[in-house]
Amino acid sequence: MSLNIVRNDITKMKVDAIVNAANSSLLGGGGVDGAIHNAAGPGLLEECRTIGGCPAGEARITKGYDLPAKFVIHTVGPVWNGGNSGEEELLRKAYRSSLELAVENGIESIAFPIISGGAYGYPKREAIDIAMSEFRTFLEDHDIAITLVLYDRDSYLTGLDLRSRIQAFIDDNYVDEHFVARSSAERFSGMYRSAPPAGHMPAAKSGPAPKYSRKKRENLFGRILPKRSEEADEELKEERYIDRSNEPLKSITVDGMYSLSDLESRLREVDESFSQMLIRKIDEKGITDSECYKRANIDRKHFSKIKNDPAYKPRKQTALAFAVALELPLAETEELLRKAGFALSHSSKSDIIVEYFIRQHTYDIFTINEALFEFDQPLLGT
Ligand code: APR
């Protein structure tokens, strides 16, 4: 199961079925109805003629003919009449009938336009909210990939207020990655006439190992190690290194900075893989696997691949989707990302938008995805 939003012409969608916002005659019209009939060819109209129409709120299925989609599900939305003539219930029924008809026909992927969002005059924001809420209800009990296809450039997804709040957060936090590269090049400028060639780090100096200052002896966990013994310092002074990496961990000395068990448990934490941490957090949250992957907008097959492979490395959007599903605070989100080899970056608008919602404790992935879509960023989950 998954729920995506794309900007596209629905006639181009390579899915099992596309949904047509038809009128009750099913004999074609303008808008998306006209576009689908044009792309499908005359066979579609011939088959529609045999159906004998469709009442508002219901759905009928035909083949897809020349469309990339195998089927077309024709549904008829309500004409907007101010909102007090049962329009909402009819619109919900149109989505539900289409989805039920799809599942009855073994359809596994389906794309919808915004039913009644054009000529029938339904206010687009409300029409989208109704569509999204019907999709989410249906996905609680069904396994189907749903895509909402937006066609025109209107920005009607996130409400204006939310959009401006997110934009302000981006403005406050976004660091242009070119600026970052330029400033680090300036930092290296003493070594290079111009910025270091892309990807080229200053060559490690050859010769005896560098003198290590106390600061440099920071350990894995960012703490200054206690002063080394005189003998160890002698080694350092002579700059002679004895490779101790294969020696068993000794309990780290003095003033109880941390005991061996503390270090071992911290090292175990470092060793915990992404999928091990994911499973641990699911247990700690007391939710089921399916609750987790549905909230993450991840399909079941993908989840079981992650769960069964301790070495699995997910995409960043997948890792973030699970952090949202588990409602992790920022620090734990960063920790889960690190396990997958990523970090939140202020030179990524997508990361900043996700960080905005985490700081707001808003963990609804569909709301976050609408915002990501609004800012042309990749969505979370599959
Ligand atoms: N792909 C995806 N979406 C599209 C496309 C397309 N090619 N063309 C239009 N849309 C969008 C519109 O931007 C709108 O958001 O589909 C949504 C529904 O608009 P309409 O097609 O006008 O459908 P609707 O509002 O339900 O009115 C249905 O219009 O076309 C006639 O015969 C149809 O009488 C029926 C009425």
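Read on for an overview of the structure. (Residues numbered from 1 in each chain as written. Predicted model: local features only at pLDDT ≥ 70, side-chain atom pairs only at ≥ 80, totals over all residues. Heavy atoms only, no water.)

**Focus on the packing of helix H12 (residues 316–325) against helix H14 (residues 349–359)**
Close contact between H12 and H14 brings their axes to 12 Å; oriented N to C, the two are set at 5°. Viewed along their axes, H12 and H14 adopt a mutual orientation that is roughly parallel. Of the residues in H14, those in contact with Lys316, Gln317, Leu320 and Val324 of H12 are Ser350, Asp351 and Val354. (Axes fitted to C-alpha atoms, helices over the stretch in contact; angles between N-to-C directions. Helix = DSSP H or I, 4+ residues; strand = E, 2+ residues; numbered from the N terminus. Parallel < 35°, antiparallel > 145°, perpendicular 65-115°, else oblique. Contact = heavy atoms within 4.5 Å.)

**Topic: the site of the ligand**
Looking at the ligand, there are 24 residues lining it, with Gly30, Val32, Asp33, Gly118 and Ala119 nearest. Interatomic distance of 2.8 Å between a backbone N/O atom of alanine 119 and an oxygen atom of the ligand. Of all the secondary structure elements, the ones that give two or more residues to the shell around the ligand are strand E2 (17–22) and helix H1 (31–40). With four residues, the single largest contributor to the shell around the ligand is H1. (Near = heavy atom within 4 Å. Polar contact = N/O pair within 3.5 Å; in protein donor to acceptor, adjacent residues only side chain to side chain.)

**Points about the sheet that holds strand E4 (residues 71–76)**
Read from one edge to the other, the open sheet built from six strands follows the order E1-E6-E5-E2-E4-E3, with strand pairing classed as mixed. Strand pairing shows two members of the sheet lacking a second neighbour, strand E1 (2–7) and strand E3 (59–63), which therefore form its edges. Strand-to-strand twist in this sheet, taken as the mean axis angle between neighbours without regard to direction, amounts to 25°. Of the pairings in the sheet, the one linking strand E5 (residues 109–112) to strand E6 (residues 145–150) comprises four bridges and is parallel in character. Following the sheet pairing, isoleucine 110 is matched in E6 by isoleucine 146. (Pairing = 2+ DSSP bridges.)

**Considerations on the packing of aromatic side chains**
Tallied over the entire structure, the rule returns nine aromatic pairs. A ring pair is formed by tyrosine 95 and phenylalanine 135, whose centres lie 5.5 Å apart and whose planes are at 90°; its orientation type is edge-to-face. Linking tyrosine 95 in helix H3 (residues 87–104) with phenylalanine 135 in helix H4 (residues 124–141), this pair joins segments that are 40 residues apart in sequence. Phenylalanine 135 shares its class with tyrosine 95; the two are buried. (Phe/Tyr/Trp six-rings, centres within 6.5 Å; stacked < 30°, edge-to-face > 60°. Buried < 20%, exposed > 50% of the residue type's maximum accessible area, 1.4 Å probe, protein only.)

**Concerning the pattern of salt bridges**
Scanning the entire structure with this criterion turns up 22 salt bridges. Arginine 300 is the partner of aspartate 143 in a salt bridge, and the nearest nitrogen-oxygen pair spans 2.9 Å. Of this pair, aspartate 143 sits in the loop between H4 and E6 while arginine 300 sits in helix H11 (residues 300–307), and the two are 157 residues apart along the sequence. One salt-bridge network, in which partners are shared between bridges, spans Glu88, Glu89, Arg92, Arg96 and Glu134. (Salt bridge = Lys/Arg side-chain N within 4 Å of Asp/Glu carboxyl O.)

**Here's the deal with the environment of alanine 343**
Mapped onto the elements, alanine 343 comes out in the loop between helix H13 (330–339) and H14. For alanine 343 and threonine 333, which are 10 residues apart along the polypeptide, the C-alpha to C-alpha distance reads 9.1 Å. Sequence-distant contacts of alanine 343, defined by excluding residues within four places in its chain, comprise Lys316, Leu337 and Asp351.

**Focus on unusual backbone geometry**
The backbone of serine 116 shows a phi angle near 65°, a positive value even though the residue is not glycine. Among the structural elements, serine 116 can be located in the loop between E5 and H4.

**Here's the deal with the packing of H1 against helix H2 (residues 42–49)**
For the pair H1 and H2, the least separation of the axes is 5 Å and the interaxial angle reads 115°. In terms of their interaxial angle, H1 and H2 are classed as roughly perpendicular. When H1 is examined against H2, the residues Ile36, His37 and Ala40 are found in contact with a partner set consisting of Pro42, Leu44, Leu45 and Cys48. A class-by-class count of the residues in the contact of H1 with H2 yields six nonpolar, one polar and no charged. (Nonpolar A, V, L, I, M, F, W, Y, C, P; charged D, E, K, R; others polar.)

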